[in-house]
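# Fold and geometry: a report
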Amino acid sequence: MKLAVVGSINMDMTVCVERMPKKGETLLGESLRYAPGGKGANQAVAMAKLGAEVWMFGCVGTDSNGKAVLGNLAEQGVHTDYIQILEKEPTGLALITVGENDNMIIVVSGANAKVDVDYAQSICSKLDDFDMVILQHEIPLETVEYVVNYCAEKGIKVTLNPAPAAKVSEELIEKLTYITPNELETGLIFGKEKNINTLLQKYPEKLIITRGAQGAVVGLKNKEIFQIPANRVDVVDTTGAGDTFNGAFCVRIAKGDTMKDALRFANIAAGLSTEKFGAQAGMPTEEEVLSRI
Ligand code: RIB
């Protein structure tokens, strides 16, 4: 099974605080840590840790952060041959505040902004023999559209995790195999007034809405609404939990799991990932997820 991620690669700079600051307030942080992140890279690492063959497509800078995140991807077993190293761009940086069992993230795109349509055109023929291509919204939206259109034409399965929130056209949604927004992203993409069950039934086994600590929900083809309940975990850091969920879901569905089984697996993997600090450090192996099931 070969999976490709076309997406962002960041260095995460995380400050832990006792509580989230208010607008205009200065708070003292407890610690500052640097760790590899980026929604694209996180999802690639989550899948590699679960035993998939994963290729990352994206861009980093020649700076020390670029070297560190590239080295990390390789160490985690992700293929990095198609990642472009750009001299004039800094590696993407995420400023993360962790506190109150949640996080706040600001991303400075840097080299991720150069994962543009030109780059996509240069790599897209490489995607032809992949079982699935996975995208997020931390690269230019035109690139996401280009890759989705390419995959649809070639009959390659494609999953879009539309984070951070941005509009996705109905036409593009039609071309996706799976779309995995959280509740906030669902509101932006589909409009808040829509009844969730009606929405889920409109896109059966395509629209998967993640609900953080409340699990996830999907409409099945037999019209059942399948809700995966919350997982009991000792939360240290929720950063990367959504990425773990997406990575685990894609691996299991590509392996041939049913929708229900893939979501159960992904939900447990995401819960486990919150038990350690950092986006990637807590991502579980297949054995760890199975033992928790
Ligand atoms: O989803 C978590 C990720 O969002 C972090 O690793 C950070 O880099 C941002 O991209």
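Our subject is the structure listed above.
Once a new chain begins, its residue numbering starts again from 1 and follows that chain's sequence as written. This being a predicted model, a pLDDT of at least 70 is required before a residue's local features are given, and a value of 80 or more before pairs of side-chain atoms are given or counted; all residues contribute to the totals for chains, interfaces and linings. Each side-chain value is worked out from all heavy atoms of the structure, with water and hydrogens disregarded.

A separate point is the site of the ligand. Near, as used in this document, describes a residue that has one of its heavy atoms within 4 Å of the molecule or strand being considered. Within the structure, the ligand sits among 13 residues, and D12, G38, K39, E138 and D243 are positioned closest to it. Each polar contact in these results corresponds to two N or O atoms within 3.5 Å; when the atoms are within protein, one needs to be able to donate a hydrogen and the other to accept it, and residues that are neighboring in sequence are counted only if both atoms are side-chain atoms. Here N10 contributes a side-chain N or O atom positioned 3.0 Å from an oxygen atom of the ligand. A distance of 2.9 Å separates an oxygen atom of the ligand from a polar atom in the side chain of K39. Surface accessibility follows the Shrake-Rupley procedure with a 1.4 Å probe radius. Residue values consider only the protein chains on display as shielding. Considering the ligand on its own, with 280 Å² of exposed area, one finds that the protein chains cover 96% of that surface. Of all elements in the fold, only β2 (10-16), α1 (39-49) and β8 (102-108) reach the threshold of two or more residues within the shell around the ligand. The class makeup of the residues in the shell around the ligand is four nonpolar, five polar and four charged. Only runs of H or I of at least four residues qualify as helices and only runs of E of at least two qualify as strands under DSSP, and these elements are numbered from the N terminus. The nonpolar class holds Ala, Val, Leu, Ile, Met, Phe, Trp, Tyr, Cys and Pro. Asp, Glu, Lys and Arg form the charged class, and all remaining residues, Gly among them, are polar.

What follows covers the sheet that holds strand β12 (residues 208-210). Sheet strands line up and pair through hydrogen bonds in the backbone, either parallel or antiparallel. Pairing within the open sheet is antiparallel, and its three strands lie in the order β12-β13-β14. Every other strand in the sheet has two partners, leaving β12 and β14 (225-228) as the edge strands with one partner each. Each neighbouring strand pair of the sheet contributes to a mean axis angle of 15°, computed without reference to strand direction. A pair of strands is considered paired only if DSSP assigns at least 2 bridges between the two. Here three bridges tie β12 to strand β13 (residues 216-219), and the two strands are oriented antiparallel to one another. Residue I208 lies in a different strand from β13, and its bridge partner there is V218. The contact criterion used throughout is that any non-hydrogen atoms of two residues lie within 4.5 Å. Axis lines are fitted through C-alpha atoms, for helices just across the contact stretch, and the angle between N-to-C directions can take any value from 0 to 180 degrees. Against the sheet, helix α9 (residues 259-273) touches β12, β13 and β14, its axis set at about 20° to β14.

Since one α-helical turn is 3.6 residues long, residues separated by three or four positions face the same way. Counted at 1.5 Å a residue, the expected span for helix α4 (residues 141-154) with its 14 residues is 20 Å, and the 20 Å between its end C-alpha atoms agrees. Throughout this description, buried means an accessible area under 20% of the type-specific maximum (1.4 Å probe, protein chains only), exposed means over 50%, and partly exposed covers the range between. Along α4, the residues classified as buried are T143, V144, V147, V148, Y150 and C151. For α4, the buried positions fall inside an angular range of 160° around the axis, keeping them on one side. Residues of α4 that are exposed and angled more than 90 degrees away from the buried face: E142 and E153. Backbone geometry just after α4 places G155 at a positive phi near 75°. Helices are assigned an expected span. That span is 1.5 Å times one less than the residue count. What the arc measures is the spread of directions leading from the helix axis to the C-beta atoms.

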